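Coordinates in review
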Amino acid sequence: MPDDRPESFDEDRMEQLLADTEYDTELGLEMAQDAQRVASGELSEAEFFDRYHGDVLDEFGQDARELPELRDDLDGEVVADADDPDGIRDRLLDLADDEDVSRRELMKKGGAAAAALSAFAGGGAAAEDGPGGDTPTQGDGTRWGMVINLNNCDGCLACMAACSQEHGLSRGANWMYVFTYQDENHDDENFLVRPCQHCTDSPCTKVCPVGARHTREEDGLVLTDYDICIGCRYCEVSCPYGVNYFQWGEPDVPDSEIPDENQVDDRGKWVGARPPKGVMGKCTFCVDRQDGAMGEEKVGTTACEEACAMDAIHFGDLNDEESAPNQHLDQYRDAQDNDLEEFPNRTEHTVSTFQLMEERGTDPNVHYIGNEPSQDAEQVEGPVTYEDMGLADNRKEEVLDNGAMANKEGEQA
């Protein structure tokens, strides 16, 4: 194991997660750490690809990791072109049904089927890189993201409940968390709202051997293709933010209760609603809403934002200066400027904005207003309990680490 593993990488816990799968634990740990090093600029994508390509082929029969800098230079073993990707998908899934094997077993077998499947399993290129910090706008095209005003959050957990209900999540498989914490650097109780960060440079997409975890090219959403995911959990251990869940058993909400249009995106990939058994799931930024499946009026909105009565969550296109998140950020800056004009000595009113673990180089598409948790912050009981909202707090033993909640205990049973 590399001696220079990323700070706060909980090797023992990650090893325990991977030990529950049939796949190579040591390979997953090493790839996860190096994927974070790629995001932070300590390791190039070319070095990362070369270091693990042979091992990934040996273990999975293909190598479909999302490495945008290399996509045009590879010989087809990582991501090949196909004239009819949807046709290939249908034929392979029919083959799995005919042979009475699971999709994940089909992927594990490798050979011709895995080689064909790699033709469409790579996902889109990552969104254009750009600076983080105070100015979310960067590049052209749509880039969905959030500005979350922690000063407005009251810890009511309504956003969590709305997310669980809309996506049919199993109890305890929360796609976002609202943490209450105490911090010696800040008075009173503080809150941290943590959905998936939908990183511009996401470590999770760099380690997925079959291309199930990928960045959607049209809008930067980081999604999981449930049809392709084999449940190796490499994405889970590579994520610095602890936002992934493995669906152990049959979901609480069956497929029959979820409309097809809420599960399949505009590319025909199964990326919406809760995952099936044996597959990884996480926040999708309500991809079905963004694709118009719930009506045009829902495009540019999320369930958590609608449920927030405190005006804390603002979702929209970060590349649109008129979008809700950018407008909210501008309003706060204007209020700051007006306050400082009237009370020039009140520098403490300066608006603080940050990204979680900004130093890690992932460039999250979630920007925060308010206090950033320090390494000394400790989670405490919130004003509203998870049980009060019909939720299970499976991360209750976590601690704040490096500005984000680091997964310590409480994996979904």
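So, here's what we can say about the structure.

Cut-off values and rules
Residues numbered from 1 in each chain as written. Predicted model: local features only at pLDDT ≥ 70, side-chain atom pairs only at ≥ 80, totals over all residues. Heavy atoms only, no water. Phe/Tyr/Trp six-rings, centres within 6.5 Å; stacked < 30°, edge-to-face > 60°. Helix = DSSP H or I, 4+ residues; strand = E, 2+ residues; numbered from the N terminus. Buried < 20%, exposed > 50% of the residue type's maximum accessible area, 1.4 Å probe, protein only. Lys NZ or Arg CZ within 6 Å of the ring centre and 35° of its normal. Pairing = 2+ DSSP bridges. Salt bridge = Lys/Arg side-chain N within 4 Å of Asp/Glu carboxyl O. Core = buried A, V, L, I, M, F, W, Y, C linked by side-chain atoms within 4.5 Å. Contact = heavy atoms within 4.5 Å. Arc of directions from axis to C-beta. Patch = residues over 30% accessible without salt bridge, like charges linked within 9 Å, V, L, I, M, F, W, Y side chains within 5 Å. Areas by Shrake-Rupley, 256 points an atom, 1.4 Å probe, with all protein chains shown as cover. Lys, Arg positive; Asp, Glu negative; His and termini not counted. Charge placed at Lys NZ, Arg CZ, Asp CG, Glu CD. Expected span 1.5 Å × (residues − 1). Polar contact = N/O pair within 3.5 Å; in protein donor to acceptor, adjacent residues only side chain to side chain. Disulfide = S-S within 2.5 Å.

1. Here's the deal with the packing of aromatic side chains
Scanning the model with the defined rule gives 10 aromatic pairs in all. For the ring pair F48 and Y52, a centre distance of 5.4 Å and an interplane angle of 65° mean the geometry is edge-to-face. Here F48 and its partner Y52 are both found in helix α3 (residues 45–60), 4 residues apart, which amounts to about one turn of the helix. Here the two residues F48 and Y52 agree in accessibility, since each one is buried. Here Y226 and W270 contribute two aromatic rings whose centre-to-centre distance is 5.5 Å and whose plane-to-plane angle is 85°, an arrangement assigned as edge-to-face. In this pair, Y226 sits in the loop between β5 (222–224) and α9 (234–238) while W270 sits in the loop between β6 (245–246) and β7 (280–281), placing the two residues 44 residues apart along the sequence. The exposure classification of Y226 matches that of W270, with both residues buried. An aromatic cluster is built from Y23, F60 and Y234, whose rings are joined through pairwise contacts. Between R65 and the ring centre of F48, over which it is positioned, the NZ or CZ distance is 5.1 Å.

2. Brief notes about the sheet that holds strand β8 (residues 313–317)
If you trace the 4 strands from one edge of the open sheet to the other, you get β8-β1-β10-β9, paired in mixed fashion. The open sheet has two edge strands, β8 and β9 (353–354), and neither has a second partner. As judged from the 4 bridges shared by strand β1 (residues 144–149) and strand β10 (residues 366–369), these two strands associate in the parallel manner. Across the sheet, residue M146 finds its bridge partner in β10, namely V366.

3. Let's talk about the pattern of salt bridges
Counted according to the given criterion, the structure contains 20 salt bridges. Measuring nitrogen to oxygen at the nearest pair gives 4.0 Å for the salt bridge that ties R233 to D20. Of this pair, R233 sits in the loop between β5 and α9 while D20 sits in the loop between α1 (11–19) and α2 (25–39), and the two are 213 residues apart along the sequence. Residue class for R233 comes out buried when judged on its relative accessible area of 1%. The class of D20 is partly exposed, set by a relative accessible area of 48%. Between E306 and K298 there is a salt bridge, and its shortest N-O distance comes to 2.8 Å. Taking the relative accessible area as the measure of exposure, E306 reaches 45% and is therefore partly exposed.

4. Focus: the sheet that holds strand β11 (residues 378–379)
Spatial ordering of the open sheet is given by β3-β2-β11, a layout of 3 strands whose pairing is antiparallel. On the outer flanks of this sheet lie β3 (186–194) and β11, each paired with one strand and no other. Pairing analysis gives 2 bridges linking strand β2 (residues 177–183) to β11, with the strands arranged antiparallel. Residue Q182 lies in a different strand from β11, and its bridge partner there is E378.

5. Focus: the environment of M310
Examined against the element boundaries, M310 turns out to sit in the loop between α11 (303–307) and β8. When the C-alpha atoms of M310 and L150 are compared, they prove to be 9.9 Å apart, with 160 residues separating the residues in sequence.

6. Details of the nonpolar core
If you look at the biggest cluster of nonpolar residues, it comprises 81 residues, and the most contacted ones within it are F48, M160 and Y234. Of all the elements, α2 adds the most residues to this core, at 6 residues. Setting aside residues no more than four positions away along its own chain, F48 makes contact with M31, D34, A35, V38, L43, R65, L67, K206 and V207.

7. A closer look at α1
Along α1, the residues that are buried comprise E11, R13, M14, L17 and L18. When α1 is viewed along its axis, its buried side chains cluster within an angular range of 165° and face the same direction. Along α1, the residues that are exposed and aim more than 90 degrees away from the buried face are D12, Q16 and A19. Among the structural elements, α2 and α9 are those in contact with the buried residues of α1.

8. Brief notes about a negative patch on the surface
Taken together, D12, E15, D24, E26, D55 and D58 make up a surface patch of like negative charges. Secondary structure elements with two or more residues in the negative patch: α1 and α3. Topologically, D24 is positioned in the loop between α1 and α2.

9. Examining α2
Taking 1.5 Å per residue as the helical rise, α2 with its 15 residues ought to reach 21 Å, and the 22 Å between its terminal C-alpha atoms agrees with that figure. Within α2, 13 of the 15 residues are buried, leaving the element largely enclosed by the surrounding structure. The N-cap residue of α2 is D24: its side-chain oxygen and the backbone nitrogen of E26 are 3.0 Å apart. Phi for G41, located one or two positions after α2, is positive at around 85°.

10. Quick word on the state of the cysteines
With the rule as written, the count across this model stands at 0 disulfides. There is no disulfide at C204, and the cysteine sulfur nearest it, in C239, is 6.3 Å away. The structure places no disulfide on C208, whose sulfur is separated from the nearest cysteine sulfur, that of C232, by 5.9 Å.

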